[in-house]
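Fold and contact review
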Amino acid sequence: MAKKRFDDSNCSVARALNQVGDWWSLLVVLHAMYGTRRFVDFQQDLGIAKNILCDRLARLVDNGVLKKVDVGEHGSRFEYRLTEKGRDLFPVVIALRQWGNKWNPGPDDASLDLHDRTTGQPIQMVQVQNAEGEPITVRDVFVSASPVPGTKKDSA
């Protein structure tokens, strides 16, 4: 059975899931963020079958999340690198990681924490903020298909 596509959906979450919505794709993106670049390293780090990895890498390249770069060492050798679009998934992956640490902790509550490279301090929890930079929750927002009167988008 073919997977439903949401290319024409008004929902940006559904459209985004078309590009990175399966678990292997997000794990490939995560490992690319950690610095993995070569096919063999993705395969070894993830324990993923070659055919599935080929498919996910091709899809991520086709969707502009990764780019395939010929590094030309010893004949044809390629690396996969995050594009700007791929790097923009960083807060999404971090939010998912933090959610997973809270609601589905690993054995013995062991988790890999992320730290700021400059200061060594742990990173803060990802938060959604209003226009004034104050934290907000799902109860503080509503969905609108058109600009709300009096907002910046309305006056554009």
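Structure: see above.
Conventions and cut-offs
- Residues numbered from 1 in each chain as written.
- Predicted model: local features only at pLDDT ≥ 70, side-chain atom pairs only at ≥ 80, totals over all residues.
- Heavy atoms only, no water.
- Helix = DSSP H or I, 4+ residues; strand = E, 2+ residues; numbered from the N terminus.
- Buried < 20%, exposed > 50% of the residue type's maximum accessible area, 1.4 Å probe, protein only.
- Contact = heavy atoms within 4.5 Å.
- Areas by Shrake-Rupley, 256 points an atom, 1.4 Å probe, with all protein chains shown as cover.
- 1 Å grid on protein atoms, 1.4 Å probe; cavity = no way out; pocket = protein on both sides within 12 Å on 5 of 7 lines; lining within 4 Å.
- Points joined across faces, edges and corners; volume = space filled by probe spheres on them.
- Phe/Tyr/Trp six-rings, centres within 6.5 Å; stacked < 30°, edge-to-face > 60°.
- Lys NZ or Arg CZ within 6 Å of the ring centre and 35° of its normal.

The helix and strand tally for the protein stands at seven helices and two strands. For the protein, the N- to C-terminal ordering of α and β elements is α-α-α-α-β-β-α-α-α. Counting all 156 residues of the protein, 22% fall into the buried class. Expressed as a percentage of contacts within the protein between residues at least 6 apart in sequence, the contacts between residues at least 24 apart total 37%. Surface exposure of the protein reaches about 12000 Å², of which carbon and sulfur atoms provide 54%.

This part covers the layout of surface pockets. In this structure, the largest pocket spans a volume of roughly 500 Å³. In this structure, the largest pocket is lined by 18 residues; those nearest its centre are Leu27, Leu30, Leu96, Arg97 and Gly100. Elements with a contribution of two residues or more to the lining of the largest pocket: α2 (23–33) and α6 (90–103). Top contributing element to the lining of the largest pocket by residue count: α6, with seven residues.

Below, the discussion takes up the packing of aromatic side chains. Inspection of every chain in the model, using the stated rule, returns one aromatic pair. Centroid distance Trp23 to Trp24: 4.8 Å. Interplanar angle 25°. Geometry classified as stacked. The exposure class of Trp23 is exposed, given its relative accessible area of 60%. In this structure, Lys68 is placed above the aromatic ring of Phe78, and the distance from its NZ or CZ to the ring centre is 4.5 Å.

This part is about the environment of Asn10. On the secondary structure map, Asn10 appears in the segment before α1 (12–20). According to the relative accessible area criterion, Asn10 is exposed, its value standing at 80%.

This part takes up α2. Since there are 3.6 residues in each turn of an α-helix, residues three or four apart along the chain are aligned in direction. Of the positions making up α2, those classed as buried are Trp24, Ser25, Val28, Val29, Leu30, His31 and Ala32. Those residues of α2 that are buried are in contact with α1, α3 (39–46), α4 (50–62), β1 (66–70), β2 (78–82) and α6.

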